[in-house]
Amino acid sequence: MMHAHARTLVSYWDSRRRSDAVPARADIAAADLRDLLGNLFMLQRHDSSHHVFRLAGTKLCELHQRELREQNFLSFWRGYDREHMKLLLESVLANAAPGRGYATAETINGDRIDIEMVFTPLASTAGSVDRVLGLYQPLQSDGRFRNRPIIRHDLTRILPPVAKQWTLPATPPPGLPDAANDR
């Protein structure tokens, strides 16, 4: 089940698409998402192994006790988790559809918290789908994490985007009979 903030982000992203497959970065207004700002982030794809923070909300930075801007999001992950997260991000961009991931975050002293992450694709001003507007949502209270940075993430589940739903064209391609004329 999606956290209420995750549903809010996906609904907002969908409302900003208009007739485009994905909204442009310029179509996103921070004021529209003010209740989520502390947990929001934006990534820019440099290549498949580098999805770099362009923006990171204050709550996200506080949990990690460092500024995340210009750091590679994939550095949060190790081994197979890193490969799975890379594939999830690439899939979100390639399919132009939201994806989700769930993880357990661990602090330097071993405290753990479950995290839900939502990844929604965005188009740059040049029109390429190379940005991700994301949400990093703790699923329990993170009050005990003060002064203990998150140092490790263990991926527990990924939900890749659903492939585009293709519909049949209104008229059949040349050479195929029209079903209406076959009656």
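In short, a report on the structure. A quick note: this is a predicted structure, and the numbers were derived from the prediction, not measured.

Describing the sheet that holds strand β6 (residues 150-159)
Item 1. Read across the open sheet, the 6 strands follow the order β2-β1-β5-β4-β3-β6; overall the sheet is antiparallel. Edge positions in the sheet fall to β2 (50-56) and β6, since each of these pairs with one other strand and no more. Each strand of the sheet is rotated relative to its neighbour by a mean of 30°, with strand direction disregarded.
Item 2. Pairing of strand β3 (residues 99-107) with β6, which is carried by 8 bridges, proceeds in the antiparallel orientation. Paired with Thr107 across the bridge in β6 is Ile150.
Item 3. Contacts from helix α1 (residues 4-16) reach β1 (40-47), β4 (112-123) and β5 (129-138) within the one sheet, and its direction differs from that of β4 by about 0°.

Thoughts on α1
Item 1. Spanning 13 residues, α1 covers 18 Å between terminal C-alpha atoms, matching the ideal 18 Å at 1.5 Å per step.
Item 2. Looking at α1, one finds that the buried residues are Ala6, Leu9, Tyr12 and Trp13. All buried residues of α1 lie within an arc of 130° about the axis, which places them on one face of the element.
Item 3. Close packing links the buried residues of α1 with β1, β4 and β5.
Item 4. After α1 finishes, the residue Arg18 shows a positive phi value of roughly 50°.

Rules used in this analysis
- Residues numbered from 1 in each chain as written.
- Predicted model: local features only at pLDDT ≥ 70, side-chain atom pairs only at ≥ 80, totals over all residues.
- Heavy atoms only, no water.
- Pairing = 2+ DSSP bridges.
- Helix = DSSP H or I, 4+ residues; strand = E, 2+ residues; numbered from the N terminus.
- Axes fitted to C-alpha atoms, helices over the stretch in contact; angles between N-to-C directions.
- Contact = heavy atoms within 4.5 Å.
- Expected span 1.5 Å × (residues − 1).
- Buried < 20%, exposed > 50% of the residue type's maximum accessible area, 1.4 Å probe, protein only.
- Arc of directions from axis to C-beta.

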